[in-house]
Amino acid sequence: YNTHTHTHARTMFALQSQIAGAKVVSKVVAKKQQRSTVVSAKISHGKGGEEGGRSFNNDAFGMICKAASYSMMGNAITASGEEETFTQEGPITVFAADDDAFGDFIKTKGVSKMDFVKMDGLGDIVKNHVVKGTVTKADMAAGKEFETLAGNKVVVADLPFKKNDIKVDNATIHAIKTVIV
């Protein structure tokens, strides 16, 4: 028994304690009594699927909630009680505004993010981003208007797009850089 072996044993115990669910294998290398350690761990990631987290489907609402830069739109959908609008059978077309667009919109309204999700008319703002039926980039002729589920007419060709024609189970999504009011 020597100090080095005792220190190594404590280090291995600490390492085993720190790696939850990992398999630690220690082996003696011939004659030199050196130890090498192999550590393997199975780690899984996924937004919404973590222990206690929410899992999302491959519909318009799920896709928006899983996308990192669209969390404010996801929060607005949930806070306004309009999840069903985005999970309906479809087909629908969604113009998904990113977090920068919602941040700018909130600044112009002079409210905090917390107050934004309680704002009057939030449901209509959210529904302004949805059109019944499938609208692809090719369908967006200059000047052509589309009626949103909030009842407003929008010339979508004029919107600042980030990406078009993202297909999900119930919708075609277009990523945009503005909030439709």
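The shown structure was predicted, so the numbers you read here are calculated from the model rather than taken from an experiment.

When its secondary structure is counted, the chain shows seven helices and eight strands. Counting all 181 residues of the chain, 33% fall into the buried class. The contacts of the chain with a sequence gap of at least 6 include a subset with a gap of at least 24, amounting to 54%. Working note: accessible area of the chain is about 11,100 Å², and carbon and sulfur atoms make up 51% of it.

Turning next to helix α3 (residues 71-79). Every buried residue of α3 is accounted for by M72, M73, G74, A76 and I77. At its buried positions, α3 is contacted by α2 (60-66), α4 (83-87), β3 (92-97), α5 (99-109), α6 (113-116) and α7 (122-127). Positive backbone phi, at 75°, marks G81, one or two positions downstream of α3.

Bringing the sheet that holds strand β7 (residues 161-167) into the picture now. Judged by pairing direction, the sheet is mixed, and its four strands sit side by side in the order β4-β3-β8-β7 without closing on themselves. Looking along the sheet, the strands with just one partner apiece sit at the ends: β4 (130-132) and β7. Strand-to-strand twist in this sheet, taken as the mean axis angle between neighbours without regard to direction, amounts to 15°. Pairing geometry for β7 and strand β8 (residues 171-176), over four bridges, is antiparallel. Bridge pairing in β8 places K163 opposite A175.

Our next topic: the nonpolar core. Of all hydrophobic cores here, the largest spans 40 residues; its most connected members are I64, M73, F86, V94, F95 and F116. Elements with a contribution of two residues or more to this core: α2, α3, β3, α5, α7, β4 and β8. Looking at this core, the element that brings in the most residues is β3, giving five residues.

The next point concerns the confidence of the model for the chain. Any segment with low pLDDT has predicted coordinates that should not be analysed in fine detail. This prediction gives the chain a mean pLDDT of 79; 71% of its residues lie at or above 70. Within the chain, β3 carries the highest mean pLDDT (98), whereas strand β1 (residues 23-29) carries the lowest (39). Per-residue pLDDT stays below 50 along residues 1-49; that stretch engages in 42 contacts with residues further than four places along the chain or on separate chains.

Scoring rules and cut-offs
Every chain begins its residue count from 1, and numbering advances along the sequence as written. In view of the model being predicted, local features appear only for residues whose pLDDT reaches at least 70, and side-chain atom pairs are presented and counted only at 80 or more, with totals across whole chains, interfaces and linings using the full set of residues. Side-chain calculation: all heavy atoms of the structure are included, whereas hydrogens and water are not. Labels follow the DSSP assignment, with helices taken as runs of H or I lasting at least four residues and strands as runs of E lasting at least two, numbered in each case from the N terminus. Using a 1.4 Å probe on the protein chains alone, a residue whose accessible area is under 20% of its type maximum counts as buried, one over 50% counts as exposed, and one in between counts as partly exposed. Contacts were defined at the residue level, with two residues in contact if any of their heavy atoms lie within 4.5 Å. For every accessible area listed, the method is Shrake-Rupley and the probe measures 1.4 Å; residues are considered covered only by the protein chains on display. Strands pair, by our definition, only if DSSP identifies at least two bridges between them. Axes, fitted as lines to C-alpha atoms, cover a helix only where it is in contact. Angles between the N-to-C directions of the axes lie from 0 to 180 degrees. Only buried Ala, Val, Leu, Ile, Met, Phe, Trp, Tyr and Cys residues count toward a nonpolar core, and they belong to the same one when joined by side-chain atoms within 4.5 Å. By definition, pLDDT measures how confident the predictor is in each residue, and it falls between 0 and 100.

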